[in-house]
Amino acid sequence: MCGIFGYVGAKNNAGQLVVKGLKNLEYRGYDSWGVACKVGETAVVEKDIGKISSVDESQFSEECGMAIAHTRWATHGGVTPANAHPHLNASGTIAVVHNGIIENYQTLRDDLKTKGYAFKSETDTEVIPYMIEEEMKATDDFASAVRNACSKFDGRYGILAFHTESNTLVATRTGSPLIVGVGEEGYFIASDIPAFMEHTKVVQYLDDGEMLVTDGKSILFTDLETGQEHPKREIEITWSVEQAQKGEYAHFMLKEIMEQKDSIARAVNQDEQQIQVIADAIKNARGTFIIGCGTAHKACMAAEYFFSVVAEKHINVTSAGEFKVHHHFLKPESLLIVVSQSGETADSLEAMKIARGKGAKVLAITNAEGSTIDREADYTLLINAGPERAVASTKALTGQMAVLMLIAHTMVDKLHEGKTLLLETVSMINDMLNPRYVEHIESLAEEIQNTEDLYIIGKSWNYPMALESAIKIQEVSYIHAEGFAASELKHGPLALIEERTPCIALLGNDEVTPDIISNTIELKARGARTIGIAPENNEAFDEWIKVPDAGAAQAIVNIIPIQVFAYFLAVKRGMDPDMPRNLAKSVTVK
Ligand code: G6P
């Protein structure tokens, strides 16, 4: 949540550069934007509410070798120009952008007020420049003052700061990601790689509890507390700039949906020895837990069925934010599987910390190589989906489910069978996602766009997909959508059904099919407009969206037409599917 980006180096258009780059991080927040450019010995600040993508960067000074910028997802304080970052001290010499939350800001703010500081915003961030200013009373060294100020902050944050009288950029991190792009003409420091990908593909990661100081020519990583130097590796990233762009598509969401025919295949293409090591670790664990947030949590729920049906192994599923209360079940022999597209979600990171605190091992299933979750896990499987930019997760989900399905097969010595199943599924998805198919779903979205409520039912692994369907529809179209276990209908949800209420049933071709057909007929009998997503048509359906029969991989197939449907519902209703209101892609606050 919130994106930050700073640059210092030989280029003299730093303000333009950081605003342009930050447009690639808009998925992290789009409430307001701001930039501070160091021009001579002053900080020139521009900020406003609205999306950074609407800002013309050519307006910023071309005489600037250092700048920091921010795109905001509001936490403390409303969406106002005053609350937009950067925040400065009263004399305008210290400029700060911040991602995260300074949890003890109220105490610090009260204390600073007694010392005469006047606050202009309602944010937690504004205490940072004032705290640094206070520390500068004891030292002339800006970096030391930042270090000393940080020792007084509680919470999780990533901070970029500069002082107008020095040419160094300082960054600190406890919790919120910061990645350094190492360029020939300077250093780029951002919340995520796409900000600077057009300049360099060589990166260094700032870890939790670290600080960096750079003047654009060299960079020094130190321990935030002790000041001790930390040597860093340079890593070359494998994504291309094109992968992170929309290309011919109107929106990232549609691009990412269509990419699934390739991305699932990449997820399946895992190192067999590594998958075997992980399958053995799960088999030998005394208690396996699987956690994630949002869509990743629905992948975890689907995995519970994969492991149960394919490997006859019970795993415990919890939403990452709920994991804390279950900590007493963890032992050193336990295993925690953390599923996260971004590898930076605060609740997932906290669950991981709890598990490690109990001595348990952690397996990460993530899309983000080098992310905190990847780096801190004992084992990692990358889903290799490529950058996912739309807030609504699509290709990451199917990649996560493919990897989990592969692990389940490997646990019962059926790795190759699992691989074949998944690759056949990929080929069926390729055939399915043809223009006529997409048009059919678009026309259904056209008809249903004005509904106020929409319900989705599923059973077995289609139950988590019903929940995921509801998330997809809610987040991009703002229609009230809810998913249910089909068997639960008669215990409450049926009372919601009115004449022509759209109800989607997700089916496969398996032993639960007759049950869910009966439930769909029950819905129809109460007047619902029933839509079956199923390999075969049935008189229970008013409308049928055909999907291939993918056996145990049916969940992976069935969610795809829903993603397309949700996309078109959003577009028909005039919403931007890539940037749903109130949401952000990377949820780095609890
Ligand atoms: C946000 C995103 C979702 C995502 C969830 C978990 O809510 O909008 O798409 O599923 O966070 O994120 P993660 O990166 O941990 O998978």
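Residues numbered from 1 in each chain as written. Predicted model: local features only at pLDDT ≥ 70, side-chain atom pairs only at ≥ 80, totals over all residues. Heavy atoms only, no water.

Asker: Mind laying out the sheet that holds strand 17 (residues 335–340), listing which residues take part and the relevant values?
Answerer: Read across the open sheet, the five strands follow the order 16-15-17-18-19; overall the sheet is parallel. The strands lining the two open edges of the sheet, one partner per strand, are strand 16 (316–319) and strand 19 (379–382). Neighbour to neighbour, the strand axes of the sheet diverge by 20° on average, direction disregarded. Pairing between strand 18 (residues 361–366) and strand 19: four bridges, direction parallel. What sits directly across from Thr366, in strand 19, is Leu382. Contacting strand 15 (288–292), strand 17, strand 18 and strand 19, helix 7 (residues 272–284) crosses the sheet at an angle of about 125° to strand 19. The strands touched by helix 9 (residues 346–357) within the sheet are strand 15, strand 17 and strand 18, with strand 17 carrying the most contacts at an inclination of about 165°. (Pairing = 2+ DSSP bridges. Helix = DSSP H or I, 4+ residues; strand = E, 2+ residues; numbered from the N terminus. Axes fitted to C-alpha atoms, helices over the stretch in contact; angles between N-to-C directions. Contact = heavy atoms within 4.5 Å.)

Asker: Quick rundown of the packing of helix 13 (residues 435–448) against helix 16 (residues 554–572)? Include the residues and the values.
Answerer: Packing of helix 13 against helix 16 leaves a shortest axis separation of 8 Å and a crossing angle of 50°. Compared by their axis directions, helix 13 and helix 16 come out oblique. The handedness of the crossing between helix 13 and helix 16 comes out as right-handed. Contacts from Tyr437, Val438, Ile441, Glu442, Leu444, Ala445, Glu446 and Ile448 of helix 13 reach helix 16 at Pro561, Val564, Phe565, Phe568, Leu569 and Lys572. Across the contact of helix 13 with helix 16, the residue classes tally to eleven nonpolar, no polar and three charged. (Parallel < 35°, antiparallel > 145°, perpendicular 65-115°, else oblique. Left-handed = near helix turned anticlockwise from the far one by under 90°. Nonpolar A, V, L, I, M, F, W, Y, C, P; charged D, E, K, R; others polar.)

Asker: Provide a residue-level description of the pattern of salt bridges, including the pertinent values.
Answerer: Inspection of every chain in the model, using the stated rule, returns 29 salt bridges. Lys232 is the salt-bridge partner of Glu210, the closest N and O atoms lying 2.7 Å from each other. Of this pair, Glu210 sits in strand 12 (residues 210–214) while Lys232 sits in the loop between strand 13 (219–223) and strand 14 (235–236), and the two are 22 residues apart along the sequence. A relative accessible area of 23% places Lys232 in the partly exposed class. When the shortest N-O distance is used, the salt bridge between Arg286 and Glu333 registers 3.8 Å. One end of the pair, Arg286, is in the loop between helix 7 and strand 15; the other, Glu333, is in the loop between strand 16 and strand 17, and 47 residues separate them in sequence. One continuous salt-bridge network, built from bridges that share partners, spans Asp111, Lys115, Glu134 and Lys137. (Salt bridge = Lys/Arg side-chain N within 4 Å of Asp/Glu carboxyl O. Buried < 20%, exposed > 50% of the residue type's maximum accessible area, 1.4 Å probe, protein only.)

Asker: Would you mind going over the nonpolar core in detail, with residue names and values included?
Answerer: Grouped together as the largest cluster of nonpolar side chains are 92 residues, with contacts concentrated most on Phe307, Met401, Ile407, Leu454 and Phe565. With 13 residues, the top contributor of residues to this core is helix 16. No fewer than three residues from each of domain 2 (244–433) and domain 3 (434–577) sit in this core. Leaving out residues up to four positions away in the same chain, Met401 has contacts with Ala299, Ala302, Phe306, Met465, Ala555, Ile556 and Ile559. Listed in part, the 30 residues of the second largest apolar core include Ile179, Ala195, Trp239 and Ala244. (Core = buried A, V, L, I, M, F, W, Y, C linked by side-chain atoms within 4.5 Å. Domains from an automatic or database assignment.)

Asker: Any chance you could break down the site of the ligand for me, citing the residues and the numbers?
Answerer: Among the 13 residues in the neighbourhood of the ligand, the closest are listed as Thr295, Ser340, Gln341, Ser342 and Thr345. Ser342 is positioned such that a nitrogen or oxygen atom in its side chain is 2.6 Å from an oxygen atom of the ligand. Between the ligand and the protein, one listed contact pairs an oxygen atom with a backbone N or O atom of Ala584 at 3.5 Å. Isolated, the ligand exposes 390 Å² of accessible area, and the fraction of that covered by the protein chains is 90%. Counting residues per element, the shell around the ligand draws most heavily on helix 8 (residues 294–311), at three residues. Of the residues belonging to the shell around the ligand, the class tally is five nonpolar, seven polar and one charged. (Near = heavy atom within 4 Å. Polar contact = N/O pair within 3.5 Å; in protein donor to acceptor, adjacent residues only side chain to side chain. Areas by Shrake-Rupley, 256 points an atom, 1.4 Å probe, with all protein chains shown as cover.)

Everything listed is a geometric property; what it means functionally is a separate question.
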